[in-house]
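Chains, contacts and geometry: an overview
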Amino acid sequence: MHYKKQNILKGALIYSAGDTIAALLLDEFSWYRLLGMVCIGATFYAFEIPNYFDWIVKKTQSLKGIKATLTKTGLAIAYFNPLWIARHLLFIKLFSGQFEAIGFNLLQIAFWSFLVNIPISFIANYIIQNRFKLKWRFLGSAIFSAIMAIYYALSETIFS
């Protein structure tokens, strides 16, 4: 199991940075939201993502060539699925104090956000899973996810 100090710090800083950029773009900045995303990045994301990436390596170690490449990429995309996006949007709503905005509409927004994002996510996850060493995958994914956090926050405006 991976839950290391360096991933906790990276998760706290990178995920909250991406969400803060989104919040500033939407004129929704809140210190509670920032602190909440720092906590989520340092806990949920810093624990889940490196362990999932480790599982991908173990699951695909017997595969070779294009099958290994596509399986790794597909499994990474599967992790950041509409439920993951909806959970991220839920965290945003909770930490922003927008409790009335929490509903099944977040799943609809997450679904469309995921669907539209597949081409970009495929390329990014291909690079992260097949070109980065395992020890750098969380950092690569965190940076990509910080960029995507901007997109996920904006997706509420786009897909509502």
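Every chain is numbered on its own, with residues counted from 1 as its sequence reads. Residue-level local features of this predicted model are given only where pLDDT is at least 70; pairs of side-chain atoms are given and counted only at 80 or more, and the full residue set underlies all totals for whole chains, interfaces and linings. Note that the side-chain values use all heavy atoms of the structure and ignore hydrogens as well as water.

**Notes on the overall build of the protein chain**
Selection rule: Only runs of H or I of at least four residues qualify as helices and only runs of E of at least two qualify as strands under DSSP, and these elements are numbered from the N terminus. This radius of gyration counts C-alpha atoms alone. The globule rule is 2.2 Å times how many residues there are, raised to the power 0.38. Partly exposed residues are those whose accessible area sits between 20% and 50% of the maximum for their type, while under 20% is buried and over 50% is exposed, using a 1.4 Å probe and protein chains only. Pairs of residues are marked as contacts when any of their non-hydrogen atoms sit within 4.5 Å. Only four residue types enter the charge count, namely Lys and Arg as positive and Asp and Glu as negative; His and the chain termini do not. By convention, the charge on Lys lies at NZ, on Arg at CZ, on Asp at CG and on Glu at CD.
Along its length, the protein chain carries 6 helices and 0 strands. The secondary structure elements of the protein chain, listed N-terminal to C-terminal, are α-α-α-α-α-α. Computed over its C-alpha atoms, the radius of gyration of the protein chain comes to 16 Å, within 12% of the 15 Å expected for a compact globule of 160 residues. For the protein chain, the spread of C-alpha atoms along the three principal axes comes to 50 × 35 × 20 Å. Taking all 160 residues of the protein chain together, 48% fall into the buried category. In the protein chain, once contacts between residues fewer than 6 apart in sequence are set aside, the share between residues at least 24 apart is 77%. Taken together, the 15 basic and 7 acidic charged side chains of the protein chain have centroids lying 22 Å from each other.

**With respect to the side chain of Asn125**
Among the secondary structure elements, Asn125 is positioned in helix H5 (residues 105-131). Not counting residues within four places of it along the chain, the set of residues in contact with Asn125 comprises Thr73, Ala76, Ile77, Phe80, Asn130 and Phe144.

**Some thoughts on the pattern of salt bridges**
As a reminder, the rule being used: We define a salt bridge as a side-chain nitrogen of Lys or Arg found within 4 Å of a carboxyl oxygen belonging to Asp or Glu.
Following the criterion strictly, the structure yields 5 salt bridges and no others. Note that Glu28 and Arg33 form a salt bridge whose closest N and O atoms lie 3.2 Å from each other. Glu48 is the partner of Arg87 in a salt bridge, and the nearest nitrogen-oxygen pair spans 2.7 Å. Taken together, the residues span a long stretch of sequence, with Arg87 in helix H4 (residues 82-96) and Glu48 in helix H2 (residues 31-60) at a distance of 39 residues. Within the structure, one salt-bridge network assembled from shared partners comprises Asp19, Glu28 and Arg33.

**Digging into the packing of H2 against helix H3 (residues 65-79)**
Going by this rule: Angular values range over 0 to 180 degrees, each being the angle between N-to-C directions of two axes fitted as lines to C-alpha atoms, with helices fitted over their stretch in contact. Roughly parallel means an angle under 35 degrees; roughly antiparallel means over 145; roughly perpendicular covers 65 to 115; every other angle is labelled oblique. Crossing handedness is defined as follows: a turn of the near helix away from the far one that is anticlockwise and smaller than a right angle gives a left-handed crossing, while the clockwise case is right-handed.
Their axes nearest at 10 Å, the elements H2 and H3 cross at an angle of 150°. In this view, H2 runs roughly antiparallel relative to H3, as classed from their interaxial angle. The element H2 and its partner H3 pack so that their crossing is right-handed. On H3, the residues touching Glu48, Ile49, Tyr52, Trp55, Ile56, Lys59 and Thr60 of H2 are Thr71, Lys72, Leu75, Ala76, Ala78 and Tyr79.

**Remarks on the confidence of the model for the protein chain**
Stated precisely, the cut-off is as follows: Per-residue confidence from the predictor is reported as pLDDT, a score between 0 and 100.
Model confidence for the protein chain is summarised by a mean pLDDT of 92, while 100% of its residues fall at 70 or above. Within the protein chain, H2 carries the highest mean pLDDT (95), whereas helix H6 (residues 134-159) carries the lowest (85).

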